[in-house]
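Descriptive structure summary
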Amino acid sequence: MNTSDLLTYCMSKPGAEQSVHSDWKATQIKSNGVLFAMVHEVKGRPAVSLKTTPALAELLREEHSDVSPSEHLNKTHWSTLLLDGSLKDSQIYYLVDASYQQADATRAAGV
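Residues numbered from 1 in each chain as written. Predicted model: local features only at pLDDT ≥ 70, side-chain atom pairs only at ≥ 80, totals over all residues. Heavy atoms only, no water.

Under an unreviewed UniProt entry, the name given to the chain is MmcQ/YjbR family DNA-binding protein, and the source organism is Candidatus Pantoea deserta.

As structure tokens, this is what we get:
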């Protein structure tokens, strides 16, 4: 998967807004003000940080060498996925959807 395809998919979500976090050299995608994806590079490779449940984050990290705890976000919930690694596009899209749903639930709960 490439960064352009990922950004297009993220921005197709209702309420999605894009901004740049210059300190981290990252593009943040938020849904109604709540972060659900952060697109950046890791050692020159395209990557995205997404929020999951702690159990799913642990499972992904165990099963895929291209998934690691996020450097700048809560490592329990946020994982960084290398876009040019072993994860299939369908898996990345599924995880984007899950992260978006978590952001929506966070916003609805007023957290």
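For the rest of this paragraph, the subject is the packing of aromatic side chains. Each aromatic ring pair is described using two quantities: the centre-to-centre distance and the angle formed by the ring planes. Evaluated as defined, the whole model comprises 2 aromatic pairs. With a centroid separation of 4.4 Å and 50 degrees between ring planes, the pair formed by Tyr-9 and Tyr-93 is classed as tilted. Of this pair, Tyr-9 sits in helix α1 (residues 3-11) while Tyr-93 is found in helix α3 (residues 89-109), placing the two residues 84 residues apart along the sequence. Judged by relative accessible area, which is 22%, Tyr-9 ranks as partly exposed. Aromatic pair Phe-36 and Tyr-100: ring centres 5.2 Å apart, planes at 85 degrees, arrangement edge-to-face. Separated by 64 residues along the polypeptide, Phe-36 in strand β3 (residues 34-42) and Tyr-100 in helix α3 bring together distant segments of the chain. Grouping residues by exposure puts Phe-36 and Tyr-100 together as buried. Across the ring face of Tyr-100, the terminal group of Lys-13 is positioned such that the distance to the ring centre comes to 5.7 Å. (Phe/Tyr/Trp six-rings, centres within 6.5 Å; stacked < 30°, edge-to-face > 60°. Helix = DSSP H or I, 4+ residues; strand = E, 2+ residues; numbered from the N terminus. Buried < 20%, exposed > 50% of the residue type's maximum accessible area, 1.4 Å probe, protein only. Lys NZ or Arg CZ within 6 Å of the ring centre and 35° of its normal.)

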